[in-house]
Amino acid sequence: MEQAIRFLLSNFTLTLFVVGLMASLIALMRHPRPWSRVTIVEALLSWFLFFSLGVSFLYNFVMHVFFSEMAAAFIGWQTSPFQKEVGFASLGFSVVGFMAFKGGHGMRLAALVGPACFLWGAAAGHVQQMIAAHNFAPGNAGVIFYTDILLPLFGLAFLWMRRRTETIRGTSLRTAASPL
């Protein structure tokens, strides 16, 4: 059991992505059927923003600011004052992710673009560390590396699908609020 909890917390980006998918399913189950395409996509996008951005970056903030030695060791680094800066940047991404949970298209786009730049830059840094320093620590070359690449793609795909469903329906994103 301890190993399972350690895996879930060490791979929090994957864990929270799956929790977001489960929250989407729960939200849909509470919504009357038949589910429209916009209802499904809204559930996926909103809960992705809540968990994969809001909660995930809040967790990252806590780890880098309050447990910096543990976070650095997990990544395979020495503790650095820059961790606090990464932590507070993560707090900013978290707040915007929570704000975008039920926000409009512009807010959601902004909530996704900032973290995408950060995560793809981090992935490039992980590759550099793998090549130059042979750093294959779990926080550098494990699940975190892959989610740094894939999560922004999922988020942007959900946003694109949400925008597309509204364009197809011919309604404004502002007037098509979903009760999810």
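Quick note: structure is the one above.
### A word on unusual backbone geometry
Now for step 1: Here the amide bond leading from Arg-33 into Pro-34 is cis, since omega sits at 0°, within 30 degrees of zero.
Now for step 2: For Pro-34, the location among the structural elements is in the loop between α2 (12-29) and α3 (37-66).

### Re the packing of α2 against α3
Now for step 1: Running from N to C, α2 and α3 cross one another at 145°; their axes reach a closest spacing of 8 Å. Relative to α3, α2 is oriented so that their crossing is right-handed. Residues Phe-12, Thr-13, Leu-16, Phe-17, Val-19, Gly-20, Leu-21, Ala-23, Ser-24, Ala-27 and Leu-28 of α2 form the contact with α3, whose own contacting residues are Thr-39, Ile-40, Ala-43, Leu-44, Trp-47, Phe-48, Phe-51, Ser-52, Val-55, Ser-56, Tyr-59 and Asn-60.
Now for step 2: When its residues are assigned to classes, the contact of α2 with α3 shows 16 nonpolar, seven polar and no charged.

### Structural notes on the nonpolar core
The tendency in soluble globular proteins is for nonpolar side chains to be buried as a group.
Now for step 1: Among the nonpolar cores identified, the biggest contains 13 residues, and Phe-48, Leu-49, Leu-53 and Leu-112 are the most heavily contacted of them.
Now for step 2: At the level of elements, α3, α6 (105-132) and α8 (143-169) are the ones that each hand at least two residues to this core.
Now for step 3: The dominant element in this core, judged by the number of residues it contributes, is α3, at five residues.
Now for step 4: Not counting the four nearest positions on each side in its chain, Leu-53 is found in contact with Phe-48, Leu-58, Ser-94, Gly-97, Ala-111, Leu-112 and Pro-115.
Now for step 5: With eight residues, the next largest nonpolar core counts Leu-16, Ala-23, Trp-47 and Ile-144 among its residues.

### Let's talk about the packing of helix α5 (residues 82-100) against α6
Think of two packed helices as two axes; the pair is described by the angle between the axes and how far apart they sit.
Now for step 1: Axis separation between α5 and α6 bottoms out at 8 Å; the angle between their running directions is 155°. Taken together, the axes of α5 and α6 lie roughly antiparallel to each other. The crossing of α5 and α6 is left-handed. Residues Val-86, Phe-93, Val-96, Gly-97, Met-99 and Ala-100 of α5 lie in contact with α6, whose contacting residues are Met-107, Arg-108, Ala-111, Gly-114, Pro-115 and Phe-118.
Now for step 2: When its residues are assigned to classes, the contact of α5 with α6 shows nine nonpolar, two polar and one charged.

### Here's the deal with the pattern of salt bridges
Now for step 1: Scanning the model with the defined rule gives four salt bridges in all.
Now for step 2: Put simply, Arg-162 and Glu-166 hold a salt bridge, and the shortest N to O gap is 2.4 Å. With Arg-162 and Glu-166 both in helix α8 and four residues apart, the pair spans about one turn of that helix.
Now for step 3: Salt bridges sharing partners connect three or more residues here, namely Glu-42, Arg-108, Arg-162 and Glu-166.

Thresholds, definitions, all that
Residues numbered from 1 in each chain as written. Predicted model: local features only at pLDDT ≥ 70, side-chain atom pairs only at ≥ 80, totals over all residues. Heavy atoms only, no water. Helix = DSSP H or I, 4+ residues; strand = E, 2+ residues; numbered from the N terminus. Axes fitted to C-alpha atoms, helices over the stretch in contact; angles between N-to-C directions. Left-handed = near helix turned anticlockwise from the far one by under 90°. Contact = heavy atoms within 4.5 Å. Nonpolar A, V, L, I, M, F, W, Y, C, P; charged D, E, K, R; others polar. Core = buried A, V, L, I, M, F, W, Y, C linked by side-chain atoms within 4.5 Å. Buried < 20%, exposed > 50% of the residue type's maximum accessible area, 1.4 Å probe, protein only. Parallel < 35°, antiparallel > 145°, perpendicular 65-115°, else oblique. Salt bridge = Lys/Arg side-chain N within 4 Å of Asp/Glu carboxyl O.

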